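Observations on chain architecture
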Amino acid sequence: MSDELIERANNARRLALMIVENRSGPALAAAIPHLHEAASLFASAGRPVRQAECLIDCARVHERLGQHREAASAYREALPLVEDESDLSLAIAAASGAGQALLALHDSEQATALFERAAALADQVNDHLRLAQVRLDLARCLLARGEAAAARSIATAALATFSAYRQTQQRAVCLERLAEAAFQAGDPAEGARLYREAAEQLHELGRIAEADAVLARWADVERDRAAYDNALRIDRERIARHEASGNRALLAQAFLHLGLIEAKRRDQAAALAAFQRARALWEALEDQSSMARADYHIAAALIALGERDDARQRLEQAAALAAAARDHRTEAEALASLVAVLRAAGDEAGTAATVQRWVEALRASGDREQEIAALGELAELGRRTGRLDRAEEALREVIALCQGDPQRYRVQLVDAHHHLGVLMARRGDLAGGLEQLQRALALLGEIPAYALRAHLRYRIGNCLLRLGRAREAQEQLQEALAACPDDKLRARILVDLGNAQALLGQEESAIDFFEQAARVAEQQGDVRATQIIRRQSGALKR
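Rules used throughout
Residues numbered from 1 in each chain as written. Predicted model: local features only at pLDDT ≥ 70, side-chain atom pairs only at ≥ 80, totals over all residues. Heavy atoms only, no water. Salt bridge = Lys/Arg side-chain N within 4 Å of Asp/Glu carboxyl O. 1 Å grid on protein atoms, 1.4 Å probe; cavity = no way out; pocket = protein on both sides within 12 Å on 5 of 7 lines; lining within 4 Å. Points joined across faces, edges and corners; volume = space filled by probe spheres on them. Helix = DSSP H or I, 4+ residues; strand = E, 2+ residues; numbered from the N terminus. Phe/Tyr/Trp six-rings, centres within 6.5 Å; stacked < 30°, edge-to-face > 60°. Buried < 20%, exposed > 50% of the residue type's maximum accessible area, 1.4 Å probe, protein only. Disulfide = S-S within 2.5 Å. Core = buried A, V, L, I, M, F, W, Y, C linked by side-chain atoms within 4.5 Å. Contact = heavy atoms within 4.5 Å. Polar contact = N/O pair within 3.5 Å; in protein donor to acceptor, adjacent residues only side chain to side chain.

**Focus: the pattern of salt bridges**
For the structure on display, the rule yields 42 salt bridges. In this structure, Glu 262 and Arg 265 form a salt bridge, with 2.8 Å as the shortest nitrogen-oxygen distance. Overlapping salt bridges bring together Arg 13, Arg 50, Glu 53 and Asp 57 as one network.

Right, here's the structure in full:
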């Protein structure tokens, strides 16, 4: 039986690795279920090391898809399977991989702990180069936490190891970490010297693109501290180098980067000129994805210059080029900007159609968080334009997406159930609306969102009231009143409490609630509401 399980596991893993080798982009996701199947089968066969290998493979696929949370989870699941010295090399890979995924999620505290575990394991097996690499990663964590002195110390230790082993490329990475630490510690002159040294070492190795990337990151650091002249000088040096060498791809990247710095310092005309230079170079290279990226930035500059019609055309062009190149991330960004332009122009039909395209691009890119946000916008648009069917459909899609990770998307789930409940009640499905609102309240739990809690309890009470369940409605409405920080909502709650009391035959109590509601509305200056409420009260008095 064990041999059969192992054979099935090997087949599943082979199929997954073939997918990884032959596909790219979102299509890589097809490998994940096969790797999970292989891991499960190896676990059943009592092969924890092979199970860990599959989990690490799965984590690497998640990384390539930009799914860092899922990658961290898979790496952490693999770690205890091999940390007991059954395969310390895999354990180091799992711990450092989890650290890198968590660092991408900006969780530097947990990332630091995992890199420290990886460093201890590398030290245990006396693997000096692995230890130096983990130290480099740990230095990134320390920099993210603002601990420049500690980062400098650990990067210096890594530099000593890589220098001893003549690892020039890794030595350049150490120099860049030290440069970051110097800038963070308030020594820009030392930081500039170290960035320069790192770039020159890579250039001497013939790693031109990597050297150029170091210079671009140095320019970013100068830009972020508002030293725009320094940043522009670095980018112009990059441009001069690539013009001399004839490297049009790197030249285009340098012009795009220059445009971003010009935009940051609010010289939109200069930014536009730089983006257009980049765009012309990428067009000559027939690079559709990069052309789309340039068009997206050209549109941003046009919007800043007040030329919205031209910007709209550029964004349409960017989305079309990105779609043709299957660059769904750029397509989604272009469509998101196009939605904003159409909304500002009051083009609701165009906005609705573009939001739908935006959702589809996000789905193709695998960006679940942004897809949820876009579907929420589609629902709001449907509600505002009276397309309640479209709004309900979008909210149900949000709920389905969020249920894949309910803890992570708890807030979005509460919001979706709330709005779906309101829509269902509005079209007369009171029982369905009540169920959705109760789910939202249950999910809200102990989150101290008093205004939202008051709104939910009010809406639940209103549904119960309309269903003729006055006593239950009264309980919910009293809870809503106790939590309510909003006078406008308070008046509505008091009116429904009056209605509940009237249904229960408590006319005097009902009149009292109506009078309280009328006073609140009057204090707010809402004359019409005051008159309507007083008419209700007067009808009971007669």
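**Examining the layout of surface pockets**
Estimates place the volume of the largest pocket at around 520 Å³. In terms of lining residues, the largest pocket is bounded by 21 residues, among which Gln 67, Glu 70, Gly 366, Arg 368 and Arg 408 are the most central. Broken down by secondary-structure element, the contributors of at least two residues to the lining of the largest pocket are helix H4 (68–82), helix H18 (348–365) and helix H19 (368–384).

**Some points on the packing of aromatic side chains**
Applying the stated criterion to the full structure yields 2 aromatic pairs. The interplanar angle of 45° and the centroid separation of 6.0 Å between the aromatic rings of Phe 183 and Tyr 195 together place this pair among those described as tilted. With Phe 183 in helix H9 (residues 168–184) and Tyr 195 in helix H10 (residues 188–204), this residue pair connects regions lying 12 residues apart in the sequence. No difference in accessibility class separates Phe 183 from Tyr 195, as the two residues are buried. On the numbers, 6.1 Å between centres and 5° between planes, the contact of Tyr 195 with Trp 218 is stacked. Taken together, the residues span a long stretch of sequence, with Tyr 195 in helix H10 and Trp 218 in helix H11 (residues 208–224) at a distance of 23 residues. Residue Tyr 195 is classed as buried on the basis of its relative accessible area of 2%. What makes Trp 218 buried here is its relative accessible area of 7%.

**Observations regarding the state of the cysteines**
Following the criterion strictly, the structure yields 0 disulfides and no others. Unpaired in terms of disulfides, Cys 54 finds its nearest cysteine sulfur in Cys 58, a separation of 9.1 Å. Of all cysteine sulfurs, the one in Cys 174 lies closest to Cys 141, which takes part in no disulfide; the gap is 15 Å.

**As for the nonpolar core**
Of all hydrophobic cores here, the largest spans 135 residues; its most connected members are Trp 218, Phe 255, Trp 282, Leu 315, Trp 358 and Leu 375. By residue number, the principal contributor to this core is helix H5 (residues 88–104), which donates 10 residues. Filtering out sequence-adjacent residues up to four positions away, Trp 218 remains in contact with Phe 183, Ala 192, Tyr 195, Arg 196 and Ile 234. Membership of the second largest hydrophobic core comes to 36 residues, among which are Val 414, Ala 440, Ala 480 and Ala 483.

**A look at unusual backbone geometry**
For Asn 126, which is not glycine, the phi dihedral falls at a positive 60°. Tracing the backbone shows Asn 126 in the loop between helix H6 (108–124) and helix H7 (128–144). Exposure remark for Asn 126: the relative accessible area of 52% places this residue in the exposed category. One non-glycine residue, Arg 326, adopts positive backbone phi at about 60°. Taking relative accessible area as the criterion, Arg 326 reaches 70% and is therefore assigned exposed.

**With respect to the side chain of Asn 10**
Tracing the chain through its elements places Asn 10 in helix H1 (residues 2–22). Only 3.1 Å separates the side chain of Asn 10 from the side chain of Arg 50, close enough to count as a polar contact.

**Remarks on the environment of Ala 149**
For Ala 149, the position within the fold is in helix H8 (residues 148–164). With 123 residues separating them in the primary sequence, Ala 149 and Leu 272 have C-alpha atoms 40 Å apart.

**Details of the side chain of Asp 212**
Among the secondary structure elements, Asp 212 is positioned in helix H11. The buried category is assigned to Asp 212, whose relative accessible area is 4%. Asp 212 has contacts with Arg 238, His 242 and Leu 250, leaving out every residue within four places of it along the chain.

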